[in-house]
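# Structural description and commentary
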Amino acid sequence: MGRVILGLFCLFLSGNATTLWACSSCGSGGADPVILNPSESHKLYLGLGVQSAFQDIDSQGQLRKSDGPDSKWLLELAYVRRFTNRIFASVVGDLGLNQKHDREQAGVGDVTLNTRATLLQPTMLEPELPQLQLLLSRRFATGRSVNQSREEAYLDVYGAGSSEFYAGFDAWWGMMPVLFGFSYLHGWPSAEEIPEGTLQQGQLQRFIVTGGHMLAPELKLIGGVIADQRRASELDTREQERSSRRLQSLFLTLETLHPEGDNLRVTLTRRGVLGDNRNGVSAWGITLAWMSLL
Amino acid sequence: MRLIILFSFLSAVTLSACGSSSSSKTVSPGATQDFGVPVAAPSGAFKVSLAWSTDLASGTLANSAEVRFSDANDQALAAQLEGFALFMPAMGHGTIKASELRFTQDPKDLAHWSVSQIWFSMGGSANEWVVDVTASAQGQSEKVRVPIPYEVQ
Ligand SMILES: [Cu+2]
Ligand SMILES: [Cu+2]
């Protein structure tokens, strides 16, 4: 009986049951920018983002003036499709535009394939159960990387350099008055041929913790922390000194949740904050996204 | 229509973002730091030490270095300089404009080379950049990693 009352309370808060299922932990910054709610079969996603106020973080954690672009724009196009009740997959591609003073250059970035399998789905009767999803992703290094760059200030860099395989899980409590979730992703990068030899980046561990609240029946606010740790890299099987990485980032996302039709999402990100960061970049970013069920 | 609003909003964000302009750095030509501690090749065929021009800076070809080869007893050793590859081990990248590098061997001292037109693709604290020197001496070609104990502005 208590569960039914709690369930009804949830229903009352949200106005519509499906809206509460909307999000998994990685509203931003995870491997996949777009996910499907249980009632949706496919969706188109168009995102436009920009990052700026870059500062380099060196291997000692020291902040330095960045010699790279002043701003990096990203136009993201994604399509996500459901295959079964519990499995959906998305393909994400993007175009980058880098600017420094009066110079700018554009090019294609990396392509990502993402799959999510739902292991556990809460119901109105059991709202305290999390939505539990398994994540599998593969990034393809289609964009030009730092080691392929030919331009001053890395104006022609849009990609990470190596392909990478990711596996992880995502737990999300979306039917309670306070939304909460966490997810973990492990990354196995491929080796990359660079002029100096064969570069093998270290494995990635990504932790995401998210909290949020429904501001209105169809308006969700979530925010959280993304903590990335990457092990030391190797050049021609020799471990590179001080090359392990750490980067903590914060994000805040405001998203509409119309069960049928178009939705908008704004995400503000702050990369490279909260204590110890190493071998990374600190920056501000904002992304506006439009999602349509077509 | 929606996209137009999106774009104007985002461009307002970037306009306020462009920060410091790059400061130009004056390099006194010919001025160099002292030679560093020699680093031995894995086989012991040679040792190499570097002396850098003062005021190393990113985004310019004005950087240069002197290269000196020696044997196990620290005596000058004639050697062939074959490669001079800058690398940032912590970030896993090299530099651009490697084809601009100029190697010159001192005709009176075959153990002594000059390398000019060195481009650093980014700044870094002392020891963030290293150089992988490839050279052959006594019939053996080898690569040696030499630290750069100076800040690159
Ligand atoms: Cu989410
Ligand atoms: Cu670097």
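Refer to the preceding data block for the structure.
Described below are features of the structure shown in this document. (Residues numbered from 1 in each chain as written. Chains lettered and ligands numbered in written order. Predicted model: local features only at pLDDT ≥ 70, side-chain atom pairs only at ≥ 80, totals over all residues. Heavy atoms only, no water.)

## Some thoughts on the sheet that holds strand S7 (residues 130-137) of chain B
All names here are of chain B. Pairing within the open sheet is antiparallel, and its three strands lie in the order S4-S7-S8. Of all strands in the sheet, those with a lone pairing partner are strand S4 (80-87) and strand S8 (140-147), marking the two edges. Pairwise comparison of adjacent strand axes, ignoring direction, gives a mean angle of 20° for this sheet. Relative to S8, S7 runs antiparallel, the two being bridged by eight bridges. The partner of Val130 across the bridge, within S8, is Pro147. (Pairing = 2+ DSSP bridges. Helix = DSSP H or I, 4+ residues; strand = E, 2+ residues; numbered from the N terminus. Axes fitted to C-alpha atoms, helices over the stretch in contact; angles between N-to-C directions.)

## Digging into a nonpolar patch on the surface
Residues and elements named next belong to chain A. Taken together, the side chains of Leu215, Leu221, Leu252, Leu254, Leu268 and Trp284 make up a nonpolar region of the molecular surface, amounting to roughly 520 Å² of accessible area. In this structure, Leu254 sits in strand S16 (residues 245-256). You can call Leu254 partly exposed: its relative accessible area is 33%. (Patch = residues over 30% accessible without salt bridge, like charges linked within 9 Å, V, L, I, M, F, W, Y side chains within 5 Å. Areas by Shrake-Rupley, 256 points an atom, 1.4 Å probe, with all protein chains shown as cover. Salt bridge = Lys/Arg side-chain N within 4 Å of Asp/Glu carboxyl O. Buried < 20%, exposed > 50% of the residue type's maximum accessible area, 1.4 Å probe, protein only.)

## Re the pattern of salt bridges
Think of it this way: side chains of opposite charge can pair up when their charged atoms draw near. Counted according to the given criterion, the structure contains 18 salt bridges over all chains. We note a salt bridge from Lys65(A) to Asp67(A), for which the minimum N-O separation is 3.0 Å. Here Lys65(A) falls in the partly exposed class, since its relative accessible area comes to 41%. Residue classification places Asp67(A) among the buried positions, given a relative accessible area of 12%. Measuring nitrogen to oxygen at the nearest pair gives 3.1 Å for the salt bridge that ties Asp74(B) to Lys47(B). Of this pair, Asp74(B) sits in the loop between strand S3 (63-70) and S4 while Lys47(B) sits in strand S2 (residues 47-52); the two residues are 27 residues apart in sequence, bridging distant segments of the chain. Among the ionic contacts, a cluster of salt bridges with common partners joins Asp110(A), Arg139(A), Glu164(A) and Arg230(A).

## A short note on the layout of surface pockets
What the second largest pocket holds in volume is close to 240 Å³. Taken together, 18 residues line the second largest pocket, and the ones lying closest to its centre are Pro195(A), Glu196(A), Leu86(B), Thr95(B) and Ala98(B). Broken down by element, the residue count for the lining of the second largest pocket peaks at three residues, all from S4(B). Split into classes, the residues belonging to the lining of the second largest pocket amount to 11 nonpolar, five polar and two charged. (1 Å grid on protein atoms, 1.4 Å probe; cavity = no way out; pocket = protein on both sides within 12 Å on 5 of 7 lines; lining within 4 Å. Points joined across faces, edges and corners; volume = space filled by probe spheres on them. Nonpolar A, V, L, I, M, F, W, Y, C, P; charged D, E, K, R; others polar.)

## Observations regarding the packing of aromatic side chains
Taken as a whole and assessed by the stated rule, the structure comprises 10 aromatic pairs over all chains. When the ring of Trp173(A) is compared with that of Phe182(A), the centres are 6.0 Å apart and the planes differ by 35°; the resulting orientation is tilted. The exposure class assigned to Phe182(A) is partly exposed, which follows from its relative accessible area of 32%. With a centroid separation of 5.6 Å and 80° between ring planes, the pair formed by Phe46(B) and Phe69(B) is classed as edge-to-face. Here Phe69(B) lies in strand S3 and Phe46(B) lies in the loop between strand S1 (39-40) and S2, a separation of 23 residues in the sequence. The rings of Phe169(A), Trp173(A), Phe180(A) and Phe182(A) are connected pair by pair, giving a single aromatic cluster. Just above the ring of Phe35(B) sits the side chain of Arg68(B); from NZ or CZ to the centre is 4.0 Å. Seen from the ring of Trp119(B), Lys97(B) lies directly overhead, with NZ or CZ sitting 4.0 Å from the centre. (Phe/Tyr/Trp six-rings, centres within 6.5 Å; stacked < 30°, edge-to-face > 60°. Lys NZ or Arg CZ within 6 Å of the ring centre and 35° of its normal.)

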